[in-house]
Amino acid sequence: MERNALAQTLDCGQCFRWKREADGSFTGMAGGRWAHISEDNFADVVKDKFWAGYFDMGLDYVGIRLEFCRLDPLLEKAVAFAPDIRILNQEPWEAMCSFIISQCNNIGRIKGIISRLCTAYGEEAENGMHAFPLPEKLASLKDEDLLRLGCGFRAPYIIDAARRVSCGSVDFGVLKGMPLAEARKKLTCVRGVGPKVADCTLLYGMHRLEAFPMDVWMKRAMKTLFPGRTPEFFGRYAGIAQQYIYYYSRSNPQIFKEDALKA
DNA sequence: GACCAGGTATTGC
DNA sequence: GCAATACATGGT
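Residue numbers restart at each chain and count upward from 1, following the sequence in its written direction. To label them, take the chains in the order written and letter them from A, then take the ligands in the order written and number them from 1. Only residues with pLDDT of at least 70 are given local features in this predicted model, and only at 80 or more are side-chain atom pairs given and counted; all residues enter the totals for whole chains, interfaces and linings. In computing side-chain properties, one takes all heavy atoms of the structure into account and sets aside hydrogens as well as water.

On to the pattern of salt bridges. Salt bridges are counted wherever a side-chain nitrogen of Lys or Arg sits within 4 Å of a carboxyl oxygen of Asp or Glu. Under the definition given, this model contains 10 salt bridges. With a closest N to O distance of 3.8 Å, Asp11 and Lys111 form a salt bridge. Remark: Lys111 occurs in helix H7 (residues 107–121) and Asp11 occurs in the loop between helix H1 (5–10) and strand S1 (18–20); sequence separation between them is 100 residues. Partly exposed describes any residue whose relative accessible area lies between the buried limit of under 20% and the exposed limit of over 50%, with all areas from a 1.4 Å probe on protein chains only and scaled to the type maximum. The class for Lys111 is partly exposed, based on a relative accessible area of 25%. A salt bridge links Arg70 to Glu67; its shortest N-O distance comes to 3.2 Å. Remark: Glu67 and Arg70 occur in helix H4 (residues 61–71); sequence separation between them is 3 residues, near one turn of the helix. The class of Arg70 is exposed, set by a relative accessible area of 61%. The numbering of helices and of strands both runs from the N terminus, where a helix is a DSSP run of H or I of at least 4 residues and a strand a run of E of at least 2.

Structure follows, in structure tokens:
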């Protein structure tokens, strides 16, 4: 049951533009750059400043894991399942748009939609890949353009988000300096952005590590694994705890069924 | 063919 | 406030 460290981070549900190759390496895009990353070249890749930032190399994950393991035995279990998860520094607009698309959708289809969106509207980059489309680009589209790509009922949400970001009514630079609750409230002004997508934007796109997205899996996990606890229980890196718990829960759904049998 | 997928907006009590 | 429902789409 060995999962390589790279897969734990790139395949744990926080990002959608990496493709796992047959040999366990990954190819994908971030910040308009293409990369092929493997266990072997990872150390070299993160010598580059951009990738070091993307992979959050400046944060002491060893220490944070230690804290988590001391905090709660079930959290310790989740950490042990995929200890090498790191929270990536994704672009805020890409994170927001990606998680708008994620609602009521499955990971495979989310990746497919995003891939088509990039091919159709993103700037061309290396190896025939495309950057994530700029908000200005998507702001000029009609619902129909996005329906063609399979966006479904999320099409108008994406366009509203693109408009608000490109006109500056939602300004990630400003949100960065705001208290979490305030930034969250501002984000939910966008149609199609509720508390969950707002928290995903804050955690994955703005590196607000205290943000704690509550999707169906996390609700289940909180109820059965951490009854009576709130996100605050996990401290200022609650978002990282969330990622450990989310991935552990997704990968071991039987833990909920066993619980149901006992009841 | 019904049911589900990292939700949200709208409506009705 | 809180439960119910519609919202496109593709895969089991």
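Attention now moves to the domain arrangement of chain A. Residue ranges for the domains trace back to a domain assignment, done automatically or taken from a database. You can read the domains of chain A as domain 1 (5–87 + 213–262) and domain 2 (92–205). In this description, contact between two residues means that some pair of their heavy atoms is separated by no more than 4.5 Å. Listed as interface residues are 21 residues of domain 1 and, on the opposing side, 20 residues of domain 2. For the pair domain 1 and domain 2, the summed buried area comes to about 1,700 Å², and 67% of that belongs to carbon and sulfur atoms. Taken together, domain 1 and domain 2 are joined by 1 salt bridge. Buried area: the sum, over both parts, of the accessible surface (1.4 Å probe) that disappears when the two are put together.

Next up on the list: the protein's contact with DNA strand C. The rule for a residue being near a molecule or strand is that one of its heavy atoms must lie within 4 Å of it. In the vicinity of DNA strand C, the residues found are Cys104, Arg109, Leu147, Gly150, Gly152, Phe153 and Arg154. Within 4 Å of the protein, atoms of DNA strand C come from sugar and phosphate in 67% of cases. Interatomic distance of 3.2 Å between a side-chain N/O atom of Arg109 and a base oxygen of DNA strand C. What qualifies as a polar contact is a pair of N or O atoms within 3.5 Å, subject to a donor-acceptor requirement within protein and to the restriction that residues adjacent in sequence count only when both atoms come from side chains. For DNA strand C, a sugar or linking oxygen lies 3.0 Å from a polar atom in the backbone of Phe153.

A separate point is the protein's contact with DNA strand B. Near DNA strand B lie 27 residues; those nearest to it are Gly13, Asn105, Gly194, Val197 and Gln242. Backbone sugar and phosphate groups make up 64% of those atoms of DNA strand B lying within 4 Å of the protein. Arg191 places a side-chain nitrogen or oxygen 3.1 Å from a phosphate oxygen of DNA strand B. Of all the elements in the fold, those that place two or more residues in the surface near DNA strand B are helix H6 (92–102), helix H13 (195–205), helix H14 (216–225) and helix H15 (238–251). Residues belonging to the surface near DNA strand B are distributed by class as follows: 13 nonpolar, 10 polar and 4 charged. We call Asp, Glu, Lys and Arg charged. Ala, Val, Leu, Ile, Met, Phe, Trp, Tyr, Cys and Pro are nonpolar, and the rest, Gly among them, are polar.

Within the secondary structure, Phe172 sits in helix H11 (residues 172–176). Owing to a relative accessible area of 11%, Phe172 belongs among the buried residues under this scheme. When the C-alpha positions of Phe172 and Ala183 are compared, they lie 9.0 Å apart, and in sequence the two are 11 residues distant. If near-sequence neighbours (up to four positions away) are discounted, Phe172 is found in contact with Pro92, Trp93, Met96, Val165, Leu187, Thr201 and Met206.

The next point concerns the nonpolar core. We define the nonpolar core as a collection of buried residues of types Ala, Val, Leu, Ile, Met, Phe, Trp, Tyr and Cys that are connected through side-chain atoms lying within 4.5 Å of one another. Judged by nonpolar contacts, the single largest core of 75 residues is most densely connected at Trp93 and Met96. Ranked by the residues each element gives to this core, the list is headed by H15, at 8 residues. Residues lining this core come from more than one domain, with at least three contributed by each of domain 1 (5–87 + 213–262) and domain 2 (92–205). Among residues more than four places away in sequence, those in contact with Met96 are Ala161, Val165, Phe172, Leu187, Val190, Val193, Val197 and Thr201. Core analysis: the next-biggest nonpolar cluster, separate from the first, contains 17 residues, Cys15, Trp18, Tyr54 and Leu88 among them.

What follows covers the layout of surface pockets. Vacant regions in the atomic arrangement are exposed by a probe of water-molecule size rolled over the atoms. Considering only enclosed or pocket space, the largest pocket measures out at about 450 Å³ in volume. Of the grid points, spaced at 1 Å and generated over the protein atoms alone, those admitting a 1.4 Å probe that cannot get out make up cavities, while open sets with protein on both sides within 12 Å along at least five of seven lines make up pockets; any residue with an atom within 4 Å of a point is treated as lining. Along the wall of the largest pocket there are 25 residues; nearest its centre are Ser102, Lys196, Asp215, Val216 and Tyr246. Sorting the residues of the lining of the largest pocket by element identifies H6, H7, H13, H14 and H15 as the ones contributing at least two each. No other element matches the 5 residues that H13 contributes to the lining of the largest pocket. Tallied by class, residues from the lining of the largest pocket come to 14 nonpolar, 7 polar and 4 charged. Each pocket or cavity is described by its volume, and for the second largest pocket that value is around 260 Å³. Looking at the second largest pocket, it is lined by 15 residues, and the ones nearest its centre are Phe16, Arg17, Lys19, Ser115 and Met129. Grid points are joined across faces, edges and corners, and a volume is the space filled by probe spheres set on the points.

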